[in-house]
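Reading the structure
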Amino acid sequence: MAMTLNDFTRSVDPGSLPRILQIQSGIYVQGSVYEMYGRECCFANGDLIKVTEIRITSFIAEGSNGIKVDLPLDYPGLFRILTDSQPYHSIQEISDSLQISSHRRGQPVFYTGSDLKHQDGTVKKGANFLITGHGVDGGHECVDCELTQSEPKRCFTLRLSEQGKFYECDDSQFYTLKELAEWKMSKGRTRTVTKAKSTHLENAFLPDPLEDYKGELILTPVHEIEAIMKFRKDVVLIPATLDVEVVDVTEQHDSAVFAQPLSLMEVFKKPAEEFPVVAEVIASPVHVAEEFSFISHSKHIVIHRAFEAKRVIASEIRRGKQRRFLVPINYKGRFKRHPREFPTAYDLGMAQSSTEPLHVVATRAFESDCFQGQSPVQVGDQFLIKKRANSSSISSSSSISSEGSENGVDKISDALACFKFEGKNHDAVQIPMYHEGCFIEVVHDKKQYTIADICRRFPLPFNIKVSVRDLLVKEDILAGASGLQVEEELTDPHLLVSTLDLSECWEVPVSRTNVTVQLQQGWQGLATGAEPTGHAVVEEIGEDSYYTLRRYAAANLQPPPRPPKNFRPPTANSLRVKPPRPNKPNRASSPKSPHCNSPKPEGIVASDSFSKQRRKTIAVSSEKRPSITPTTSPSTEKVATVKSKDIPQDSVADTVDEDTHDYEYIDEEELDFIRKKFHEEAVLRNTVKGKPNTF
């Protein structure tokens, strides 16, 4: 039955590929095949094509403000998935719609809208379960599941025929568009995402189309068909929207008459018995490192074996844009240690090593007088963190002071135990774990190390600098870096590839080299039967590849402890050295004012008593006195009320706690008022000498 190419794309099961299609009707020009811009756009009736893959080439992103842009899969950005509000009504629908595999990105998490009974028990309503793969149970197809919030781990199976309402769970991971297309796009559905991080290059030729957009985006996939023509070896790419009708004739034709081009990842998955093998290069890489240029210049290459190569992620230490590198573990250069920076005392505890103590210098002050038993930190103070007694984590390290245990579980202390340099002595002190200072490592080791020695002997991350470059390569890109931070050791799929005459032999990364080959016959090898020695290259990777590789690196790390709730960060004035205070006189004999015992003129007795009453109303004293409401005038009461409201109670308490004394403070306005009254009384006495007072 004839159908449009777009209908075939939406209905075909990717697991049933490859399929052979015959063109029934469409538009064409002069020949049976006409190619434009690398895409097949026209066919003649009766042409046979072998569909090997249906893939997503781009996304149409629509925003809430009406924005609509076309995003390629290599768009430099990371996205967070929003859960789909529409439920799946059966396990079969989930299996058909999503990519499920043993890979962690191919293991979706769902919860049920009602209790779900199965042969091993019951999944309660709202319980989250992880689908880990496909299986067969009693002759019935099923999926393997695991409860995510169960201790101990509880596994069970669900048949594909299981009915119910299954909802997606929240996903906190970040994904590139390429990963979304491969793992997270449900068949027949759109996907709503938010932009989590932009890795758009500042010197990119084209601007970022989502630079100023902050809301949700609805992603609609744009599909493309990868196919092989009957009398051609190269791969043709057909837009799924091409206006032609096709018929599935897989059962009537032999697929062996078509060429079988493979990507390097498909070659990597071949059994080890098929190597070494000679391969014909059908599509050469466009952007490739200089060391791999022999692939583009060769018609045939030899693939000796597939293996997981050890690589080390290293980032350049610099302000602004950093460069990221993948360094092979057999890199021939040498490194010297570079001082590390630790933003908190918690990072000092995490950097403890079982091989050597850690010597640091503080570059930021921290006042801890209000915390009993904890030492203040001044700029220039030197500390020594002793070696870790074993290879345990920070929670069990002997350098962390213990605070007892709860329910048999040790509590992590909020202070780091270390030694402080006081001249030639080392005093045992404790630094708050949440101390937001900055510590610089003092490096005493002048030895040179290989990258393998660094990963084996020191805890990562670790700072280094190239002291001797790798002489086996023309240009060592690591030698130009002012410093490197070694972050993580990992494995990466590679192929050992060489020319036919073995003049070039390199370890080629599978996931970052876009090459299409066709396997031919096995390679006989050298007369000695020995495998050629391959060379590894230092790769400079982009931000998207870096975050993809490091996504799960810090998944198990705990955050540093929080400061106490009553903690106040020190101000600049509190860190200054205060001058010594004189000895306080006896409070009982201390006068409230130096002029309280001096004789007062008779004419101003009432004025003096009035000023005392005013002072008692608005003064902030070190002692808590009951408030005295003045009775002289309503305006006085109003002023006193406003003044008391304007003074924060916390600030008053803080002032009392920090500096207790015997003196009373008088407001500047009150002081001016008292001076004015004295002046009026003096003028009145001089004007009416000898006359009786009229008021």
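Please refer to the structure higher up on the page.
Just so we're clear, the structure is a prediction, and the values are computed from it rather than from any experiment.

The rules behind each value
Residues numbered from 1 in each chain as written. Predicted model: local features only at pLDDT ≥ 70, side-chain atom pairs only at ≥ 80, totals over all residues. Heavy atoms only, no water. Helix = DSSP H or I, 4+ residues; strand = E, 2+ residues; numbered from the N terminus. Buried < 20%, exposed > 50% of the residue type's maximum accessible area, 1.4 Å probe, protein only. Contact = heavy atoms within 4.5 Å. Areas by Shrake-Rupley, 256 points an atom, 1.4 Å probe, with all protein chains shown as cover. Salt bridge = Lys/Arg side-chain N within 4 Å of Asp/Glu carboxyl O. Pairing = 2+ DSSP bridges. Axes fitted to C-alpha atoms, helices over the stretch in contact; angles between N-to-C directions. Disulfide = S-S within 2.5 Å. Phe/Tyr/Trp six-rings, centres within 6.5 Å; stacked < 30°, edge-to-face > 60°. Polar contact = N/O pair within 3.5 Å; in protein donor to acceptor, adjacent residues only side chain to side chain.

1. Examining the overall build of the protein chain
Of regular secondary structure, the protein chain possesses 12 helices and 38 strands. The 695 residues of the protein chain split such that 37% are buried. Of all intrachain contacts in the protein chain linking residues separated by at least 6 positions in sequence, the fraction that spans at least 24 positions is 70%. When the accessible area of the protein chain is evaluated, it comes to approximately 41,100 Å², of which 50% is carbon and sulfur surface.

2. Side note on the pattern of salt bridges
Summed over the entire model, instances satisfying the criterion amount to 21 salt bridges. Among the ionic pairs, Asp 248 bridges to Arg 19, the shortest N-O distance being 2.9 Å. Of this pair, Asp 248 sits in strand β20 (residues 245–248) while Arg 19 sits in strand β2 (residues 19–25), placing them 229 residues apart in sequence. Given the relative accessible area of 33%, Asp 248 is considered partly exposed. Within the structure, one salt-bridge network assembled from shared partners comprises Arg 337, Arg 340, Glu 356, Glu 441 and Asp 445.

3. Considerations on the side chain of Thr 157
The residue Thr 157 is located in strand β14 (residues 155–159) in this model. When sequence neighbours within four positions are dropped, the list of residues in contact with Thr 157 reads His 118, Gln 119, Asp 120, Asp 137, Cys 142, Val 143 and Asp 144.

4. Side note on the sheet that holds strand β27 (residues 358–362)
Here 6 strands make up an open sheet; going across it, the order is β26-β33-β27-β28-β31-β32 and the pairing antiparallel. Strands at the two margins of the open sheet, each flanked by one partner only, are β26 (341–342) and β32 (425–432). Summarising the sheet, β26 and strand β33 (residues 439–441) pair through 2 bridges and their orientation is antiparallel. Of the residues in β33, the one forming a bridge with Glu 341 is Ile 440.

5. Some points on the sheet that holds strand β13 (residues 140–147)
Read from one edge of the open sheet, 6 strands run β8-β15-β9-β12-β13-β14, paired in antiparallel fashion. Strands with a single pairing partner mark the edges of an open sheet, and in this sheet they are β8 (88–90) and β14. This sheet shows a mean twist of 45° between the axes of neighbouring strands, independent of strand direction. The pairing of strand β12 (residues 128–137) with β13 spans 8 bridges and is antiparallel.

6. Some points on the state of the cysteines
Scanning the model with the defined rule gives 0 disulfides in all. In this structure Cys 142 is a free cysteine whose sulfur lies 8.4 Å from that of Cys 145, the closest cysteine sulfur available. Its relative accessible area of 1% is what places Cys 142 among the buried residues.

7. What about the pairing of β13?
The turn linking β12 back onto β13 is made up of 2 residues, and Gly 138 within it adopts a positive phi angle of 65°. In this sheet, β14 lies alongside β13 in antiparallel orientation, the contact comprising 5 bridges. Bridge pairing in β14 links Val 143 to Leu 158.

8. Observations concerning the packing of aromatic side chains
With the rule as written, the count across this model stands at 9 aromatic pairs. When the ring of Phe 129 is compared with that of Phe 166, the centres are 6.3 Å apart and the planes differ by 85°; the resulting orientation is edge-to-face. With Phe 129 in strand β12 and Phe 166 in strand β15 (residues 163–168), this residue pair connects regions lying 37 residues apart in the sequence. The burial state of Phe 129 is the same as that of Phe 166; both residues are buried. Where Phe 383 meets Phe 439, the ring centres are 6.3 Å apart and the plane angle is 80°; that geometry is what we call edge-to-face.

9. As for the side chain of Glu 226
Take Glu 226: it is sitting in strand β18 (residues 216–229). For Glu 226, the side chain forms a polar contact with the side chain of Arg 55, separated by 2.9 Å. Apart from residues no more than four positions distant in its own chain, Glu 226 is found in contact with Lys 50, Val 51, Thr 52, Glu 53, Arg 55, Val 235, Val 236 and Leu 237.

Coordinates in, geometry out; function isn't part of it.
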